[in-house]
Amino acid sequence: MTKKTAAKRDPATLPKHVAVVMDGNGRWAQRRFLPRSSGHKFGVDALKKMVRHCAEIGVAHLTVFAFSSENWARPAEEVQTLMDLFVKALEKESPELARQGVRLRVVGDLSAFSAEMRALIDQAEALTRQNDVLVLNVALNYGGRWDMVQAAQAVLAAQEQPTAETLAQHLALAHSPDPDLLIRTGGEHRVSNFLLWQLAYTELYFTDVLWPDFSPEAFDVALADYARRQRRFGGVPESKSPAAA
Ligand code: IPE
Ligand code: IPE
Ligand code: MG
């Protein structure tokens, strides 16, 4: 990586929170006549590079979709491969994340996972708890609809008034601001039940690049595209708004 790409960016145009639908591992492998599982393995490498890059350039929150609440519909063998990869990555990569100043948080319905897996997640989160360079949210067995329902149930359980604020406080990503930029690799133009609530005003960026090929340079292209966007949040552009009478 060159010095230039590693430099901190202009905070005015750098997203604070980037969310990524890491799609296209299977097709990446199929094009190479490899099993889908090897696409997922190379996908982990792409994620490692992306995390390092985000920490270096000053992105504060990165949320990645690793396994959706609908991905259980895949063949049992592929689901098992993915679970094995998560376990391996949690064991192997958490010390490196800790070294880079990354705080890991796993978000999703973890009740579906084995006690062993949940213990590993707890350990990895504990190991990185003090870190504040980058928050890495890994969405595992996550679905936007699940998130809204569990937040609504928590509001009820706490006997709070159901408002946008109280609901947001109970969402799985309550500790991170809403994403500024959503990137989906792999050519599909859909959200696939990712952060339904949090994406209300997120800028969307779709690329045909398959996830294992999504390099820090490709990420920089997405960031440059984001930097050119004008966000209005329902208002009017500042320079064009009529002077207050
Ligand atoms: C994304 O890649 C990884 C997961 C959903 C776990 P896919 O496995 O969906 O790859 P394609 O879309 O079939 O190419
Ligand atoms: C979205 O990708 C989920 C993840 C990347 C983890 P999918 O491959 O599951 O999405 P669909 O099925 O094409 O909508
Ligand atoms: Mg896919």
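Residues numbered from 1 in each chain as written. Chains lettered and ligands numbered in written order. Predicted model: local features only at pLDDT ≥ 70, side-chain atom pairs only at ≥ 80, totals over all residues. Heavy atoms only, no water.

## Here's the deal with the packing of aromatic side chains
Next up, step 1: The full count for this structure, using the stated rule, is 10 aromatic pairs.
Next up, step 2: Plain terms: the ring middles of Phe65 and Tyr142 are 6.2 Å apart, the flat faces sit at 80 degrees to each other, and that makes the pair edge-to-face. Here Tyr142 lies in strand 4 (residues 134-142) and Phe65 lies in strand 2 (residues 61-68), a separation of 77 residues in the sequence.
Next up, step 3: On the basis of relative accessibility, which here comes to 0%, the residue Tyr142 falls in the buried class.
Next up, step 4: Centre to centre, the rings of Trp211 and Phe214 are 5.6 Å apart; their planes meet at 25 degrees, and the pair counts as stacked. Accessibility classification places Trp211 together with Phe214 in one group, the buried group.
Next up, step 5: One aromatic cluster is present, formed by Phe65, Tyr142, Trp146 and Phe194 through successive ring pairs.
Next up, step 6: Looking at Arg32, its charged tip hangs above the ring of Trp28, at a distance of 4.0 Å from the centre. (Phe/Tyr/Trp six-rings, centres within 6.5 Å; stacked < 30°, edge-to-face > 60°. Helix = DSSP H or I, 4+ residues; strand = E, 2+ residues; numbered from the N terminus. Buried < 20%, exposed > 50% of the residue type's maximum accessible area, 1.4 Å probe, protein only. Lys NZ or Arg CZ within 6 Å of the ring centre and 35° of its normal.)

## Here we look at the sheet that holds strand 5 (residues 181-184)
Next up, step 1: If you walk across this open sheet you meet the 6 strands as 3-4-2-1-5-6, and the pairing is parallel. The sheet is open, and its two edges are formed by strand 3 (102-107) and strand 6 (203-206), each paired on a single side. Strand-to-strand twist across the sheet, computed as the mean angle between neighbouring axes with direction ignored, equals 20 degrees.
Next up, step 2: Sheet strands in contact with helix 5 (residues 115-127) are strand 3 and strand 4, and its direction is about 150 degrees off that of strand 3. (Pairing = 2+ DSSP bridges. Axes fitted to C-alpha atoms, helices over the stretch in contact; angles between N-to-C directions. Contact = heavy atoms within 4.5 Å.)

## Considerations on the layout of surface pockets
Gaps left between atoms show up when a probe the size of a water molecule is rolled over them.
Next up, step 1: Put simply, the largest pocket is a space of about 990 Å³.
Next up, step 2: As for the largest pocket, its lining consists of 46 residues, of which Met22, Asn25, Phe65, Ala66 and Phe67 are closest to the centre.
Next up, step 3: Considering only residue class, the lining of the largest pocket consists of 23 nonpolar, 11 polar and 12 charged.
Next up, step 4: Its boundaries defined by the atoms lining it, the second largest pocket holds a volume of some 160 Å³.
Next up, step 5: Lining the second largest pocket, in full, are Pro11, Ala12, Thr13, Leu14, Pro15, Lys16, Asp180, Tyr226, Ala227, Arg229 and Arg231.
Next up, step 6: The residue inventory of the lining of the second largest pocket, partitioned by class, reads 6 nonpolar, 1 polar and 4 charged. (1 Å grid on protein atoms, 1.4 Å probe; cavity = no way out; pocket = protein on both sides within 12 Å on 5 of 7 lines; lining within 4 Å. Points joined across faces, edges and corners; volume = space filled by probe spheres on them. Nonpolar A, V, L, I, M, F, W, Y, C, P; charged D, E, K, R; others polar.)

## Quick look at the site of ligand 1
Next up, step 1: In the region of ligand 1, 13 residues are neighbours, and Asp23, Gly26, Arg27, Arg36 and Arg74 sit closest.
Next up, step 2: Here Gly24 contributes a backbone N or O atom positioned 3.3 Å from an oxygen atom of ligand 1.
Next up, step 3: Asn25 is positioned with one of its backbone polar atoms (N or O) 3.1 Å from an oxygen atom of ligand 1.
Next up, step 4: The fraction of the free accessible surface of ligand 1 (380 Å²) that becomes covered by protein chains is 87%.
Next up, step 5: Taking a 2 Å distance to the grid points as the criterion, the majority of the atoms of ligand 1 fall inside the largest pocket.
Next up, step 6: A total of 3 residues in the shell around ligand 1 trace back to one element, the largest contributor, which is helix 2 (residues 25-31). (Near = heavy atom within 4 Å. Polar contact = N/O pair within 3.5 Å; in protein donor to acceptor, adjacent residues only side chain to side chain. Areas by Shrake-Rupley, 256 points an atom, 1.4 Å probe, with all protein chains shown as cover. Sits in = over half its atoms within 2 Å of the grid points.)

## Quick look at helix 8 (residues 216-227)
Next up, step 1: With 12 residues, helix 8 extends 16 Å from end C-alpha to end C-alpha; this agrees with the ideal 16 Å at 1.5 Å per step.
Next up, step 2: Among the residues of helix 8, those classed as buried are Pro216, Ala218, Phe219, Asp220, Ala222, Leu223 and Tyr226. (Expected span 1.5 Å × (residues − 1).)

## A few points about the nonpolar core
Next up, step 1: Ranked by internal contacts, the top residues of the largest apolar core, which has 46 residues, are Val20, Leu62, Leu136, Leu140, Ile183 and Phe219.
Next up, step 2: Setting aside its immediate chain neighbours within four residues, Leu136 contacts Val51, Leu62, Val64, Leu97, Val102, Arg103, Leu104 and Arg105.
Next up, step 3: If you look at the next biggest cluster of nonpolar residues, it comprises 12 residues, including Ala19, Phe65, Tyr142 and Phe194. (Core = buried A, V, L, I, M, F, W, Y, C linked by side-chain atoms within 4.5 Å.)

## Quick notes on the pairing of strand 5
Next up, step 1: Residue alternation in strand 5 divides its side chains into two sets, Leu181 and Ile183 and Leu182 and Arg184, and both sets are buried.
Next up, step 2: Bridge analysis of strand 1 (residues 17-21) against strand 5 gives 4 bridges, and the strand direction is parallel. Looking at the pairing, Val18 lines up with Leu181 of strand 5.
Next up, step 3: Relative to strand 6, strand 5 runs parallel, the two sharing 4 bridges. Each residue of the ladder has a partner; that of Leu182, found in strand 6, is Leu204.

## Details of the site of ligand 2
Next up, step 1: Every residue close to ligand 2 is listed here: Val21, Met22, Asp23, Phe65, Ala66, Phe67, Ser68, Asn71, Arg74, Arg184, Arg190 and Ser192.
Next up, step 2: Here an oxygen atom of ligand 2 and a side-chain polar atom of Asn71 are 2.9 Å apart.
Next up, step 3: For ligand 2, the cavity whose grid points lie within 2 Å of the majority of its atoms is the largest pocket.
Next up, step 4: Looking at which element gives the most residues to the shell around ligand 2, the answer is strand 2, with 4 residues.
Next up, step 5: The class makeup of the residues in the shell around ligand 2 is 5 nonpolar, 3 polar and 4 charged.

This is a description of form; function is not addressed.
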